[in-house]
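Observations on the three-dimensional arrangement
The lines below spell out each chain.
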Amino acid sequence: MILLAVTVIALIGVMTYSARLRRIAETAPKLAIAVDPVSVVPLDDSATVSTVSVIIPAYNEAENIEACVRSVLQNAITAEPLDVWVVDDQSSDATLTIVQTLQQTLNDSRLRVLVGKPRPENEIWSGKNWACVQAATQATGEFLLFLDADVRLKRGAIAAAVKTVQQKQIDLLTLCPEIVCGCLAEWLVQPWMMSLLIAGFDFNEVNDPDAEAAFAAGMFMLFRRTAYEQLGGHQAVADQAVEDVELGRRVKQKGLTLYYAAGAELASVRMYRSLAAVWEGWTKNWHLGSRRQLSTSLFSATIMVWVCVLPWLALVAALYQSGTIGFSLVNLLAIVLALVAIGLQYDLRRSIERVTAMPPRYWWLTGMGGVLVAAIAIVSIIKTETGWGWTWRGRALQLPNADSNVGAKSKG
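Residues take numbers from 1 onward in each chain, read along the sequence in its written order. Whole-chain, interface and lining totals are the exception, using all residues; otherwise, since this is a predicted model, local features are given only for residues with pLDDT of at least 70 and side-chain atom pairs are given and counted only at 80 or more. Hydrogens are left out, water is left out, and the side-chain values use all remaining heavy atoms of the structure.

1. Looking at the packing of helix H2 (residues 65–73) against helix H3 (residues 95–106)
The axes of two packed helices give the description: the angle between them and the distance between them. A fitted line through C-alpha atoms represents every axis, and for helices the fit uses only the stretch in contact; the resulting angles, taken between N-to-C directions, go from 0 to 180 degrees. Helix and strand definitions here come from DSSP, where helices need a minimum of 4 consecutive H or I residues and strands a minimum of 2 consecutive E residues; each element is numbered from the N-terminal end. Close contact between H2 and H3 brings their axes to 9 Å; oriented N to C, the two are set at 35 degrees. Crossing angle aside, the handedness with which H2 passes H3 is right-handed. Where H2 approaches H3, its residues Ile65, Glu66, Val69, Arg70 and Leu73 are matched on the opposing element by Thr95, Ile98, Val99, Leu102 and Leu106. In terms of residue class, the contact of H2 with H3 is made up of seven nonpolar, one polar and two charged. Left-handed describes a crossing whose near helix is turned anticlockwise from the far helix by less than a right angle; the clockwise case is right-handed. Here a residue-residue contact requires only that any non-hydrogen atoms of the pair lie within 4.5 Å. In this classification, the charged set is Asp, Glu, Lys and Arg, the nonpolar set is Ala, Val, Leu, Ile, Met, Phe, Trp, Tyr, Cys and Pro, and all remaining amino acids, among them Gly, are polar.

Structural data, given as structure tokens:
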């Protein structure tokens with residue numbers, strides 16, 4: 001009977017989580033690109049053409065930077081004059097050489113390369129903030145689009161994003177792009193990490209000016225320059241390793257308009273390329289992104305064990321009992337309920353796909369994925385609170401001066 005009770009609890013958890021994700025996925029606002037982006041006309045009814053400055057901070061992004069820059073430059077259409085600022089944040093790999101060579105090869109006046117200066121002494125500058133500030137002070141666009149180097153824009157994405165900002169009078173537009181996975185570790189971890197973010201930050205709640213929920217993804221943030229300056233830009237969050245959501249939170253605090261949408265049709269991102277990178281990246285961010293609230297981080301680990309792992313454990317236990325003790329009606333019922341819960345895990349992956357465009361590949365390894373994600377959450381607590389092994393690509397991290405983060409992906 002204990003096994004049956006555990007199986008029922010597992011099924012209830014999966015059903016509840018599945019229902020929430022399905023509702024969010026079905027109601028999430030989605031941005032799309034015009035059928036013929038090349039022929040886009042001016043983005044508003046005025047005669048003034050909007051200018052866009054794209055800022056790409058890059059630290060040890062040798063394998064990403066060229067493809068990212070090319071994807072941005074291909075978005076240049078007559079609707080919005082474009083300039084692109086790549087800031088090499090003192091990389092130790094070939095990032096700077098690659099982008100400088102690309103600049104010479106393309107001979108494109110819109111592409112600007114900044115050699116990042118050393119970070120100010122006796123100040124905490126976390127992540128990409130210092131690089132972003134250096135470019136933002138020189139860029140002159142009416143709109144500032146901050147991208148991570150692992151993002152690939154699809155043709156017409158900038159025009160579609162700026163048009164949305166103008167039509168809806170948005171101060172900060174941020175997107176959940178298509179999430180690309182390559183290695184097995186990505187397929188195991190990324191869908192479930194994204195599920196936690198989707199479940200934790202309902203698009204419509206984030207977009208509700210009266211709701212407390214705030215979220216922004218640093219991989220794609222399009223600011224009105226006036227709003228960015230009113231917030232104090234990245235300098236105002238210099239010590240925040242999870243600066244993107246802190247900026248989103250401040251947008252709502254200032255009474256400005258924050259808009260969060262599913263943007264798989266506009267951009268894609270492959271965040272990590274190996275188990276080591278997945279592990280380092282998420283353990284760096286998760287607990288700090290939970291505002292260092294132990295209960296929140298542990299709850300996310302518990303959810304993953306409950307939803308992803310428990311149904312498989314219940315099935316294995318029921319099959320084992322049937323094979324060793326003997327088959328019974330209780331065991332049969334436990335097996336059936338466990339299989340129903342496991343089937344709902346596939347439905348969960350389909351809901352995640354609706355937002356992130358990640359197909360439900362390897363969904364049958366959900367149990368392994370849940371174990372990895374739960375371990376990431378626990379190790380993130382240890383790293384953040386002790387400083388042990390808390391790094392990003394060799395750079396040691398420091399806690400912010402103020403404990404005011406709210407959870408998100410923020411690399412570097």
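2. Let's talk about the nonpolar core
One finds Val54, Ile56, Leu153 and Trp282 to be the most contacted residues of the largest nonpolar core, which totals 123 residues. For this core, the leading source of residues is helix H6 (residues 184–200), giving ten residues. Apart from the residues within four sequence positions on either side, Ile56 is in contact with Ile65, Cys68, Val69, Val72, Val84, Trp85, Val86, Val87, Leu147, Asp148 and Ala149. Core analysis: the next-biggest nonpolar cluster, separate from the first, contains five residues, Ala241, Leu288, Trp390 and Leu397 among them. We define a nonpolar core as any set of buried Ala, Val, Leu, Ile, Met, Phe, Trp, Tyr and Cys residues linked to one another through side-chain atoms lying within 4.5 Å. Working definition: with a 1.4 Å probe on protein chains only, accessible area under 20% of the residue-type maximum means buried, over 50% means exposed, and in between means partly exposed.

3. Structural notes on the sheet that holds strand E1 (residues 52–58)
Think of it this way: DSSP has to see at least two bridges between two strands before they count as a pair. Pairing in this open sheet of seven strands is mixed, and the strands run E3-E2-E1-E4-E8-E6-E9 from one edge to the other. The two strands at the open ends of the sheet, each matched to only one other strand, are strand E3 (111–115) and strand E9 (258–262). Ignoring strand direction, the axes of neighbouring strands in this sheet form an average angle of 20 degrees. In the sheet, strand E6 (residues 172–176) pairs with E9 via five bridges, with the strands oriented parallel. Across the sheet, residue Cys176 finds its bridge partner in E9, namely Ala262.

4. With respect to H3
The length a helix should cover is 1.5 Å for every residue beyond the first. With twelve residues, H3 extends 16 Å from end C-alpha to end C-alpha; this agrees with the ideal 16 Å at 1.5 Å per step. Looking at the buried residues of H3, the elements they touch are E1, H2, strand E2 (82–88) and E3. A positive phi of about 50 degrees marks Asn107, the residue just after H3.

5. Things to note about a nonpolar patch on the surface
Residues enter patches when they are more than 30% accessible in relative terms and free of salt bridges; like-charged ones are connected within 9 Å and nonpolar ones (Val, Leu, Ile, Met, Phe, Trp, Tyr) within 5 Å. For every accessible area listed, the method is Shrake-Rupley and the probe measures 1.4 Å; residues are considered covered only by the protein chains on display. Take a side-chain nitrogen of Lys or Arg and a carboxyl oxygen of Asp or Glu: if they are within 4 Å of each other, that pair is a salt bridge. Taken together, Leu294, Leu298, Ile378, Ile382 and Trp388 make up a surface patch of nonpolar side chains, about 490 Å² in accessible area. Elements with a minimum of two residues in the nonpolar patch: helix H11 (294–324) and helix H13 (366–386). Following the sequence through the fold, Leu294 ends up in helix H11. Accessibility expressed as a relative area gives 48% for Leu294, which makes it partly exposed.

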